[in-house]
Every structure is written in structure tokens, then in C-alpha cells.
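Structural overview for review
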Amino acid sequence: MSGNRLIVVGAGGRMGRMLVRTIAETSGAVLSGAIEAQGSPFIGQDSGLLAGIGANGVLISDDPLPLFAASDAVIDFTVPKATTDFAALAAQARIVHVVGTTGMQPADLAKLEAAARHAVIIRSGNMSLGVNLLAALVKRVAQTLGEDFDIEILEMHHRMKVDAPSGTALLLGEAAAAGRNIPLDDAHSVRVRDGHTGAREPGTIGFATLRGGSVVGDHSVIFAGASERITLSHHAENREIFARGAVRAALWGHGRKPGLYSMMDVLGLGDI
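Described below are features of the structure shown in this document. (Residues numbered from 1 in each chain as written. Predicted model: local features only at pLDDT ≥ 70, side-chain atom pairs only at ≥ 80, totals over all residues. Heavy atoms only, no water.)

**Digging into the sheet that holds strand β9 (residues 205-211)**
Selection rule: Any two strands are treated as partners once DSSP identifies two or more bridges connecting them. Counting from the N terminus, the helices are DSSP H or I runs at least four residues long and the strands are E runs at least two residues long. By the convention used here, residues are in contact when the closest approach between their heavy atoms is within 4.5 Å. Axis definition: a line fitted to C-alpha atoms, over the contacting stretch in the case of helices. Angles run 0 to 180 degrees between N-to-C directions.
The five strands lie next to each other as β8-β9-β7-β10-β11, forming an open sheet whose pairing is mixed. Edge strands, defined here as strands with exactly one partner in the open sheet, are β8 (189-190) and β11 (228-236). The sheet contact formed by strand β7 (residues 150-157) and β9 spans seven bridges and is parallel. When the bridges of β9 are listed, E152 appears paired with G206. The strands that helix α6 (residues 129-145) touches are β7, β10 (217-225) and β11; relative to β11, the one it contacts most, it runs at about 165 degrees.

Take a look at the structure:
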């Protein structure tokens, strides 16, 4: 087996299957393990057959320990509880952990930071090249325009998405807040508007959430000033863009010093 040995957790899901296909198509990457939760109907199935690329001999397992010990990286688009457990295992094994999980709370993030003392943790609310370029632009525009322009973030996803605002919307909100040199906290963000809300508070960053159909992900950041608006948008048409970014991150992380990184680091956009 030559190349970086990558594990996919949640291998039976839509994103997991896409990752299995993407790894098979990526030079320098090989699938070394596929994991699902205990009790999953996919346990024991061939991950390649499940992903539609033909048998690859990598059977889906519910036992991560031996796989983590024999691999270079794990790619994780699961749920917060599973992600923090996998982060602890990655720290023990000293391997790269790529985290695309959304809906993580401060306590979950603290566990990732602890694991990053011993593992390379690469976390992003969105793994696509386009979204991270968008975030860099949002930061620069927010810095340039200042509070004379109101910032509103609009996102839409498929009906099955369970967290809101999306991880990508929060990523963009954090970029806007960084451009203004403020934290994205309760004092500076508005997540819900209902009833008689009064006038908009100057300097806040607003979020609006739409859910329906099979939308992979649409995001727009609106800078609304006096008599003019600037809108920066990204439309995801296929989950493959997230899988490609995640695999790229896993390869980039190999050999790096332990720490908590982002896709901005992977793409060399950290200084924008």
C-alpha cells in the first residue's frame, strides 16, 4: 500500500461514500479504513461497492483502534460527539484528523484544541476551495467598508440538515467579524428575528436560514450601505467539492507539527 493511508468515518453516509470515491481518484492517497457506528447496517460491507466504484477490499468496521494505529489520517464528517471521540483517538495515534463536522459547541471545540496538542487537527465549517476564498474576500471587504455597511448572511440547505446556521454561514460570519476586529458573539450577531424587533443594531452581523428540497449549499454575504449593496455568493452543486478539499487537507497535514489548523492554512490564505 503506497501513499497516505486515509480512514473515512461515517463511510456509509452520502459524504462518506463520496470520500471513498474521491480517495480512489486522488494520486498519493489510499483508503486504509472505513468506519461506521456500532449497529450500522453497513458493517462488514465492502466500502468500494457501497460507494459505487467496485470492490476495494476495505470492509466497513465499527472498531477504529486498529485502523487508527495503522493509518496517516482520518477524515470526519459525522456528528460532534463522534468527532470529539475520534479526535482523542487521533491524538493517541499521532495522526492527522480532518474535521468537517458542523454544529459543534464550545465544549466540543475545547476538546479539539486539547487533542491538537498531540495531533494535527484541520477543522473547517466548509472544505471547498471556493468557500474559503469567499471567506477571505468577506474578511477583506468587511475590513474595508467598516460599520457604514450592514452585514447579512443568507444560507439555504436541503431539508434534512439539522443544524442552523450552517457551519459555512458561521465560517463566513467569523470572517466578517475578524475583518471588523470583533468577536462573533451574542452582542455582535443576530440569529433570529421575529415580531416587533425594533431597528437594526449598528455593527451587528445578521443570519438568515432557509431549508428545503435537495439544495447542497447556497451562501450569500450581503453588505448593505446607503443606496448600494455588495453581494458575495457561493453555490455548491455537488458534495464532491467538500470531499476534494478534505482529501487535500489530509495530504497537506501529513508531517506537520501538532496543532489546530484550518482550510485557510491548507490553501495558504491565512494572511489575507
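There is more to say after this.
**Some words on the sheet that holds strand β3 (residues 60-61)**
Two orientations exist for strands paired in a sheet by backbone hydrogen bonds: parallel and antiparallel. In spatial order, the strands read β3-β2-β1-β4-β5-β6-β12; together these seven strands make up an open sheet with parallel pairing. Two strands close off the open sheet at either side, each with one partner strand: β3 and β12 (259-261). Pairing analysis gives four bridges linking strand β4 (residues 73-76) to strand β5 (residues 96-99), with the strands arranged parallel. Paired with I75 across the two strands is V98, which belongs to β5. The strands touched by helix α4 (residues 80-93) within the sheet are β1 (4-9), β2 (29-35), β4 and β5, with β5 carrying the most contacts at an inclination of about 165 degrees. Of the strands in this sheet, β1, β2, β4, β5, β6 (120-123) and β12 are in contact with helix α8 (residues 240-253), which crosses β5 at around 155 degrees.

**Describing helix α7 (residues 167-180)**
Note the following rule: A helix's residues, less one, multiplied by 1.5 Å, set its expected span. Any residue under 20% of the maximum accessible area for its type is buried, any over 50% is exposed, and the rest in between are partly exposed; the area is computed with a 1.4 Å probe on protein chains only.
Taking 1.5 Å as the rise per residue, α7 with 14 residues should run 20 Å; its terminal C-alpha atoms sit 20 Å apart, in good agreement. Among all positions in α7, only G167, T168, A169, L171, L172, G173, A175, A176, A177, G179 and R180 are buried. Along its buried surface, α7 packs onto α6, β7, β9 and β10. Positive phi shows up at N181, right after α7, with a value of about 60 degrees.

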